[in-house]
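Below are the chains, spelled out letter by letter.
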Amino acid sequence: MANIAIVYSSGRGHTGTVAQRIRDGATAFPGTQVELIEITARQIGQDGRWHDGNVLTRLAAADAIVFGAPTYMGSAHGLFKLFLEAAFTPWLDQVWKDKIAAGFTNSASRSGDKLIALEQMAVFAAQMAMVWVGVGDQPGGNTTDSAPTDVNVTGSWLGLMTQSVADGDADTAPHPGDLLTAERFGRRIARVTARWMAAAADFPPRPVSERESYRRNRAGHQEWRAFDD
Ligand SMILES: Cc1cc2nc3c(=O)[nH]c(=O)nc-3n(C[C@H](O)[C@H](O)[C@H](O)COP(=O)(O)O)c2cc1C
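Bear in mind the structure is a predicted one, so any value in this text is a computation, not a measurement.

K.L.:
I'd like a description of the domain arrangement of the chain, backed by residues and values.
P.N.:
We note that the domain assignment places domain 1 (2–198) and domain 2 (204–229) within the chain. Summing the contributions of domain 1 and of domain 2, the shared interface buries around 530 Å²; its carbon and sulfur component is 49%. The three residues of domain 1 that bury the most area against domain 2 are Leu-92, Gln-94 and Lys-97, which together make up 65% of that side's buried surface. Summed over the shared surface of domain 1 and domain 2, the result is zero salt bridges. Put simply, domain 1 and domain 2 have four residue pairs in polar contact (both at pLDDT 80 or more) between them. Each residue belonging to the side of domain 1 that touches domain 2 can be placed in one class, and the counts come to two nonpolar, one polar and three charged.

K.L.:
Before we move on, could you go through the pattern of salt bridges and cite the residues and values that matter?
P.N.:
Applying the stated criterion to the full structure yields eleven salt bridges. Salt-bridge contacts for Glu-35 lead to Arg-58; the nearest nitrogen and oxygen are separated by 3.0 Å. With Glu-35 in strand β2 (residues 32–38) and Arg-58 in helix α2 (residues 53–60), this residue pair connects regions lying 23 residues apart in the sequence. For Arg-58, a relative accessible area of 30% corresponds to the partly exposed category. Across the pair Glu-212 and Arg-215 runs a salt bridge whose closest N-O atoms are separated by 2.9 Å. Note that Glu-212 and Arg-215 are positioned in helix α7 (residues 210–219) at a spacing of three residues, about one turn of the helix. Under the relative-accessibility criterion, Arg-215 is labelled partly exposed at 35%. What you see here is one network of salt bridges that share partners, running through Glu-212, Arg-215, Arg-216, Glu-223 and Asp-229.

K.L.:
So, the packing of aromatic side chains: which residues are in play, and what are the values?
P.N.:
Scanning all chains against the criterion turns up six aromatic pairs. Plain terms: the ring middles of Phe-88 and Trp-91 are 5.5 Å apart, the flat faces sit at 15 degrees to each other, and that makes the pair stacked. Taken together, the positions of Phe-88 and Trp-91, both in helix α4 (residues 88–92) and three residues apart, correspond to about one turn of that helix. Here the aromatic rings of Trp-96 and Phe-124 are separated by 6.1 Å at their centres, their planes lie at 75 degrees, and the arrangement is edge-to-face. Here the residue Trp-96 occupies a position in the loop between α4 and β5 (100–107), and Phe-124 occupies one in helix α5 (residues 114–127), the gap between them amounting to 28 residues. With relative accessibility at 0%, the residue Trp-96 sits in the buried group. Each member of the aromatic cluster is reached from another via a ring pair, and the members are Trp-50, Phe-80 and Phe-83. The ring of Tyr-214 carries the charged tip of Arg-218 above its face, separated from the ring centre by 5.1 Å.

Here is what the cut-offs are and how they apply
Residues numbered from 1 in each chain as written. Predicted model: local features only at pLDDT ≥ 70, side-chain atom pairs only at ≥ 80, totals over all residues. Heavy atoms only, no water. Domains from an automatic or database assignment. Buried area = accessible area lost by both parts, 1.4 Å probe. Salt bridge = Lys/Arg side-chain N within 4 Å of Asp/Glu carboxyl O. Polar contact = N/O pair within 3.5 Å; in protein donor to acceptor, adjacent residues only side chain to side chain. Nonpolar A, V, L, I, M, F, W, Y, C, P; charged D, E, K, R; others polar. Helix = DSSP H or I, 4+ residues; strand = E, 2+ residues; numbered from the N terminus. Buried < 20%, exposed > 50% of the residue type's maximum accessible area, 1.4 Å probe, protein only. Phe/Tyr/Trp six-rings, centres within 6.5 Å; stacked < 30°, edge-to-face > 60°. Lys NZ or Arg CZ within 6 Å of the ring centre and 35° of its normal.

Set out below in structure tokens:
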């Protein structure tokens, strides 16, 4: 059984709707268990930082983590950014090393500078030593007879982009084409995770902590060559 966690924030529910569709698509893939984890403002402490040990424990147990946030002012929702910064703790010991990662963002405008939010997530995943999976669908919406509800109408591959028109609520936006793209994205992540997990026992992740890395650097290059990680 592969475990996929979808961790996201959402100001007014639109990104939450996308998260649910990704979950539906992933769950449809056999042998896959999916949990939705919402980042909320209640998890921000008096120090202005995000804390929730329970969420970090659940993420440490996942085989794949899907990151999602609305795009606000040209980058990922500030609340979600606080969550990313709290991952400094698992970063120290490479707790998420070799997990599958993917990302999605939702905004009101067709572009809305959503790429920046996806880039934030992909760079973050790289820092966590994770393995990034993009959208696998060909672009829609780019021929004279195409429809605005085509699958992958934004032609986004780094991650899933969806549009929720500014006067729509979370039940009516994003549009059905984007929601279908979200389902397909979920199924693709589940499929890639299953493929990845098939060899996981033979090639388990070997985290190297920052402290150990420092030790090896001081010990010299020969010390690094003694390890297969
Ligand atoms: C503070 C703020 C900033 C926003 N910035 C952008 C933006 O840069 N680009 C865009 O297309 N939409 C922007 N929007 C619109 C939201 O991305 C859009 O309403 C989205 O559906 C919100 O998702 P949510 O309901 O999950 O919070 C912004 C909305 C707010 C409240």
